[in-house]
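Residues per chain, in single letters:
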Amino acid sequence: MTPPTDGQAADNNDHLVRSDNPDHPANLIPSLCAKFWKLGWVTGTGGGASIREDDLVYLAPSGVQKELMKPSDIYVLSLTAQAQSLSQRQRVYLRRPAAHKPSQCTPLFLAAFTRRRAGCCIHTHSHWAVLVTLLLEAQGPGNDREFRINNIEQIKGFGRGFEKSGNLGYHDTLVIPVIENTAHEEDLTEFLEEAMVKYPDTYAVLVRRHGVYVWGENVHKAKTQCESLDYLFQLAVEMKRLNLPWITDIEPTTPKKS
Ligand SMILES: CSC[C@@H](O)[C@@H](O)C(=O)COP(=O)(O)O
Ligand SMILES: [Zn+2]
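Bear in mind that the values here come from a model prediction, so they are computed numbers and not experimental data. (Residues numbered from 1 in each chain as written. Chains lettered and ligands numbered in written order. Predicted model: local features only at pLDDT ≥ 70, side-chain atom pairs only at ≥ 80, totals over all residues. Heavy atoms only, no water.)

Engineer: Teacher, can you tell me more about the pairing of strand 9 (residues 211–216) here?
Structural biologist: Consecutive side chains along a regular strand alternate between the two faces of the sheet. Extensive coverage of strand 9 is indicated by the burial of six of its six residues. Burial of the side chains of strand 9 extends over both faces: Gly-211, Tyr-213 and Trp-215 are buried on one face and Val-212, Val-214 and Gly-216 on the other. Sheet topology places strand 5 (residues 120–124) next to strand 9; five bridges connect them, and they run antiparallel. Following the sheet pairing, Cys-121 is matched in strand 9 by Trp-215. In this structure, strand 8 (residues 204–207) lies alongside strand 9, joined through four bridges in antiparallel fashion. (Buried < 20%, exposed > 50% of the residue type's maximum accessible area, 1.4 Å probe, protein only. Helix = DSSP H or I, 4+ residues; strand = E, 2+ residues; numbered from the N terminus. Pairing = 2+ DSSP bridges.)

Set out below in structure tokens:
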């Protein structure tokens, strides 16, 4: 075992990842990633998920088979300790597993937790997400920065936005910003944060030729929004193949009074 560094207890705070509760974040991250692997979201070590419970953030290691992770592989970070740290680039972990590095997605997950008070953030390399960014790219500069779709029932699976109650309606337009990929994952952070400022109500950001980051106020919302989005991305790819538009002009119908 590696010797403890600053902020770590001598026992590496192993109690933070030991629980019989399947909903404990240290159990949930591995079980969610095993499910996501079956959907093709986190294959070949790409993608992942992170959970925040109050001040504590639970993170996966980097470069591991995400579907085979164990609770003992999980990192734990305190947001307060991180905020108080003199160096924002250096992470202060309460627990770090031996023989691993933390996920390269860590600063992006932290952006969702600190800027949107998210409780969970999921990163997928879904083919459908990547294909949507390629279809947008093919539309040329100026038309490639947003994915927009309306008049599809599954849009109702999304919250209205940050600190807003209720979900989008059938006739609302779902807008997901697209940022360009970078050679190093951490360099995506400033572009993801920029997108959060420009689109304050978004729960997701597409990364061109890479995948998507999706968050929610809790695990349930992050997971169902990620599922709804993947459904819509797949539908959009098939619609494009059939030459069907993503945006349509359908007037809301009012039920007839008897
Ligand atoms: C297949 S490598 C993918 C990584 O570069 C990154 O994009 C990713 O999604 C996972 O990074 P990781 O550090 O393994 O959690
Ligand atoms: Zn990735």
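Structure's up, so let's keep going.
Engineer: Explain the sheet that holds strand 8 here, please?
Structural biologist: Think of a sheet as strands paired side by side through backbone hydrogen bonds, with each pair either parallel or antiparallel. In space, the nine strands of this open sheet follow the order 4-3-2-1-5-9-8-7-6, with mixed pairing throughout. Each of the sheet's edge strands pairs with one partner strand only, and the pair in question is strand 4 (93–95) and strand 6 (146–150). On average, adjacent strands in this sheet sit at an angle of 20 degrees to one another, irrespective of strand direction. For strand 6 and strand 7 (residues 173–179), the ladder comprises five bridges, and the chain directions are antiparallel. Paired with Ile-149 across the strands is Leu-174, a residue of strand 7. Taken strand by strand, helix 4 (residues 127–138) contacts strand 6, strand 7, strand 8 and strand 9, and its axis lies near 70 degrees from that of strand 8. (Axes fitted to C-alpha atoms, helices over the stretch in contact; angles between N-to-C directions. Contact = heavy atoms within 4.5 Å.)

Engineer: Looking at this model, I keep getting lost on the packing of aromatic side chains. Mind explaining?
Structural biologist: Considering all chains together, one arrives at five aromatic pairs under this definition. Between Phe-36 and Trp-41 the ring centres are 5.0 Å apart and the planes differ by 40 degrees, which places this aromatic pair in the tilted class. On the basis of relative accessibility, which here comes to 2%, the residue Trp-41 falls in the buried class. Counting every residue linked through ring pairs, the aromatic cluster contains Phe-147, Phe-233 and Trp-246. Residue placement shows Lys-240 over the ring face of Trp-246; its charged tip is 4.7 Å from the ring centre. (Phe/Tyr/Trp six-rings, centres within 6.5 Å; stacked < 30°, edge-to-face > 60°. Lys NZ or Arg CZ within 6 Å of the ring centre and 35° of its normal.)

Engineer: What is the right way to look at helix 6 (residues 219–241) in this model?
Structural biologist: The α-helix winds at 3.6 residues per turn, so residues separated by three or four positions along the chain end up facing the same way. Given a rise of 1.5 Å per residue, 23 residues ought to cover 33 Å, and the 33 Å separating the end C-alpha atoms of helix 6 matches this to within 8%. Among all positions in helix 6, only Val-219, Ala-222, Gln-225, Cys-226, Ser-228, Leu-229, Asp-230, Leu-232, Phe-233, Ala-236, Val-237 and Met-239 are buried. With a side-chain oxygen lying 3.3 Å from the backbone nitrogen of His-220, the N-terminal cap of helix 6 falls on Asn-218. Once helix 6 ends, the next one or two residues include Asn-243, with phi positive near 60 degrees. (Expected span 1.5 Å × (residues − 1). Polar contact = N/O pair within 3.5 Å; in protein donor to acceptor, adjacent residues only side chain to side chain.)

Engineer: Just to check I follow, could you spell out the UniProt feature "domain: Class II aldolase/adducin N-terminal" (unreviewed entry) in the chain for this structure?
Structural biologist: With numbering aligned to this structure, UniProt lists the feature "domain: Class II aldolase/adducin N-terminal" (unreviewed entry) at residues 27–237. Between the end C-alpha atoms of residues 27–237 there is a gap of 34 Å, over a span that is 33% helix and 21% strand. (UniProt positions renumbered as here; feature names shortened; annotations may be inferred.)

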